[in-house]
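# Tertiary structure, described
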Amino acid sequence: MSDDAPTFDIPCRPERVYPRGGGVEYEGGTVFRLSPDPEVPERELATLVESVLDGDRYTYGDWFELPAPVYLVHDERHSTAFRVVIRSGSVEFHVLPETSAEALRGMYSRLSEAGECGWRVDCETTRPE
């Protein structure tokens, strides 16, 4: 990884909330938005992400049947999980409570190596109410 690569330091982790009706929700959190330069169609972004996830270090699934590809990713090397979403021409890394920055850096590095584009990375943080 180059010296100017993002560090993926996580400024705010989401908090798990268990509603009375069941399930789990997250309040607050951090999303890293990776925008390709030049622009890449979303289907190509999904193909790129899946080619990286098919590598030896990831277990993933897209079980949600949503209008945008959403993957729950487990990085076996760092024993951590995060979500990857392809939306609005970007790849988003959604931090979960135990997500490690090293796993995000590793995914970014593999995307950078596999793709034929540069990436601008923006970080969006929401604090729990």
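To keep things clear, this report deals only with the structure shown in the data block. Since the model is a prediction, treat every value here as computed from it, not as a measurement.

## Structural notes on the sheet that holds strand E4 (residues 58–61)
- If you walk across this open sheet you meet the six strands as E4-E5-E6-E7-E3-E8, and the pairing is antiparallel. Edge positions in the sheet fall to E4 and strand E8 (118–126), since each of these pairs with one other strand and no more. Across the sheet, the axes of successive neighbouring strands diverge by a mean angle of 25°, strand direction being ignored.
- Sheet analysis places strand E3 (residues 29–37) next to E8, joined by nine bridges and oriented antiparallel. Following the sheet pairing, Asp 37 is matched in E8 by Gly 118.
- Of the strands in this sheet, E3, E4, strand E5 (70–75), strand E6 (80–87), strand E7 (90–95) and E8 touch helix H1 (residues 42–53), which is tilted by about 160° from E6.
- This element, helix H2 (residues 101–114), spans E3, E4, E5, E6, E7 and E8 of the sheet and lies at about 165° to E7.

## A few points about H1
- Under the 1.5 Å per step criterion, the end-to-end length of H1 is 16 Å for twelve residues, consistent within 8% with the ideal 16 Å.
- Three or more residues of H1 are buried, namely Leu 45, Ala 46, Leu 48, Val 49, Val 52 and Leu 53. On an axial view of H1, the arc spanned by its buried residues comes to 160°, and they lie on one face.

## Quick notes on the side chain of Ser 90
- The residue Ser 90 is located in strand E7 in this model.
- Residue Ser 90 is classed as buried on the basis of its relative accessible area, which comes to 5%.
- In this structure the side chain of Ser 90 is engaged in a polar contact, spanning 3.2 Å, whose partner is the side chain of Ser 35.
- With residues near it in sequence (within four places) discarded, Ser 90 still touches Arg 33, Leu 34, Ser 35, Pro 36, Leu 45 and Val 85.

## So, unusual backbone geometry
- Looking along the chain, the bond that leaves Asp 37 and enters Pro 38 is cis, with omega of 5°.
- Mapped onto the elements of the fold, Pro 38 is located in the loop between E3 and H1.
- Residue Ser 79 is not a glycine yet carries a positive backbone phi of 50°.
- Residue Ser 79 is classed as exposed on the basis of its relative accessible area of 59%.

The rules behind the values
Residues numbered from 1 in each chain as written. Predicted model: local features only at pLDDT ≥ 70, side-chain atom pairs only at ≥ 80, totals over all residues. Heavy atoms only, no water. Pairing = 2+ DSSP bridges. Helix = DSSP H or I, 4+ residues; strand = E, 2+ residues; numbered from the N terminus. Axes fitted to C-alpha atoms, helices over the stretch in contact; angles between N-to-C directions. Contact = heavy atoms within 4.5 Å. Expected span 1.5 Å × (residues − 1). Buried < 20%, exposed > 50% of the residue type's maximum accessible area, 1.4 Å probe, protein only. Arc of directions from axis to C-beta. Polar contact = N/O pair within 3.5 Å; in protein donor to acceptor, adjacent residues only side chain to side chain.

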